[in-house]
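Coordinate analysis (summary)
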Amino acid sequence: GQPGAIDQATAAMRVRLSRLNRLDCHLSLLGTRIQRLAHRHKEDGMKDKAPAAKQLYRLSVEPRVVEQLAKLAARLGEPRSRLATRLFTEAVLAAKPAAPRNMKRSPSRS
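Residues numbered from 1 in each chain as written. Predicted model: local features only at pLDDT ≥ 70, side-chain atom pairs only at ≥ 80, totals over all residues. Heavy atoms only, no water.

Observations regarding the overall build of the protein chain
Filter applied, for reference: Secondary structure follows DSSP: runs of H or I at least 4 residues long count as helices, runs of E at least 2 residues long count as strands, and numbering of each begins at the N terminus. Type-normalised accessible area, obtained with a 1.4 Å probe on protein chains alone, sets the label of each residue: buried when under 20%, exposed when over 50%, and partly exposed for intermediate values. Computed by Shrake-Rupley with a 1.4 Å probe, the accessible areas treat only the displayed protein chains as cover when residues are assessed.
Counting its regular elements, the protein chain contains three helices and zero strands. Starting at the N terminus and walking to the C terminus, you meet the elements of the protein chain as α-α-α. With 110 residues in all, the protein chain has 4% of them scored as buried. As displayed, the protein chain offers around 11200 Å² of accessible surface, 58% of which is attributable to carbon and sulfur atoms.

Examining the side chain of Glu-78
Condition: Note on contacts: a residue pair qualifies if any of its non-hydrogen atoms lie within 4.5 Å across the two residues.
Mapping Glu-78 onto the fold places it in the loop between α2 (63–76) and α3 (80–94). With residues near it in sequence (within four places) discarded, Glu-78 still touches Ala-73, Leu-83 and Arg-86.

Focus on the pattern of salt bridges
Note the cut-off: Any Lys or Arg side-chain nitrogen found within 4 Å of a carboxyl oxygen on Asp or Glu counts as a salt bridge.
In this structure the tally under the stated criterion is three salt bridges. For Arg-64, the salt bridge is made with Glu-62, and the minimal N-O distance between the two is 2.6 Å. Residue class for Arg-64 comes out exposed when judged on its relative accessible area of 59%. Put simply, Glu-78 and Arg-86 hold a salt bridge, and the shortest N to O gap is 3.1 Å. Here Arg-86 falls in the partly exposed class, since its relative accessible area comes to 33%.

A few points about the packing of α2 against α3
Threshold: Think of each axis as a best-fit line through the C-alpha atoms, taken over the contacting stretch in the case of a helix, with angles from 0 to 180 degrees between the N-to-C directions. By definition in this entry, angles of less than 35 degrees are roughly parallel, angles greater than 145 are roughly antiparallel, angles of 65 to 115 are roughly perpendicular, and the rest are oblique. Residue classes follow a fixed rule: Ala, Val, Leu, Ile, Met, Phe, Trp, Tyr, Cys and Pro count as nonpolar, while Asp, Glu, Lys and Arg count as charged, and any other residue, Gly among them, counts as polar.
In contact at an axis separation of 9 Å, α2 and α3 are set at 110° when each is read in the N-to-C sense. Taken together, the axes of α2 and α3 are roughly perpendicular relative to one another. Here Leu-69, Ala-70, Leu-72, Ala-73 and Leu-76 of α2 come into contact with α3, specifically with Arg-80, Leu-83, Ala-84, Arg-86 and Leu-87. By residue class, the composition of the contact of α2 with α3 is eight nonpolar, no polar and two charged.

With respect to α2
What counts is decided by this rule: Residue count minus one, scaled by 1.5 Å, sets the expected span of a helix.
Taking 1.5 Å of rise per residue, 14 residues should cover 20 Å, and α2 covers 20 Å from first to last C-alpha, within 8% of that figure. In the segment just after α2, Gly-77 is the residue with positive phi, at about 70°.

As for a nonpolar patch on the surface
Put simply, the rule is: What makes a patch is a set of residues exposed beyond 30% relative accessible area and free of salt bridges, joined within 9 Å when like-charged and within 5 Å when nonpolar (Val, Leu, Ile, Met, Phe, Trp, Tyr).
On the surface, a nonpolar cluster with roughly 770 Å² of combined accessible area is contributed by Leu-56, Tyr-57, Leu-59, Val-61, Val-65, Val-66, Phe-88 and Val-92. Counting only elements with at least two residues in the nonpolar patch, the list comes to α2 and α3. Positionally, Val-65 belongs in helix α2.

Points about the confidence of the model for the protein chain
The criterion, for reference: pLDDT expresses how confident the predictor is about each individual residue, on a scale running from 0 to 100.
Put simply, the protein chain has an average pLDDT of 80, and 78% of its residues get 70 or more. Least confident of the elements in the protein chain is helix α1 (residues 3–48), whose mean pLDDT is 78; most confident is α2, at 93.

This is the structure:
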C-alpha cells in the first residue's frame, strides 16, 4: 500500500460523503416543502366545504359494531373516526322519514 493512494481514496470518499450530505439536506428541504404544499392544498379544499360538525352526539354502540368498524377502517386504510363520521352521515342522509301515523283523536278534542 502506498500512502498517497490511501490519501486520494480518503479524499474521494470525503467528497462523496459531502455530496451525499448535501443531497440529503436538499431532499429533506424538498420533503418539508411538499408537506407545506400538501397542507395548504388541504386547507384550500376545506375552505370550499361547509364546516363539519363534531361531537354532535356521544353515541353508544355495541362492541361488535366497534369491531366491524375497526376491520373496515383497517381494510380501507382510513382512520376509524373519519370512517364512522362518513358512514353515519351517509346513513342519516339516505334514511327516509317514516310515513306519518294517523293518530286517533279523543272525542273531547273535536
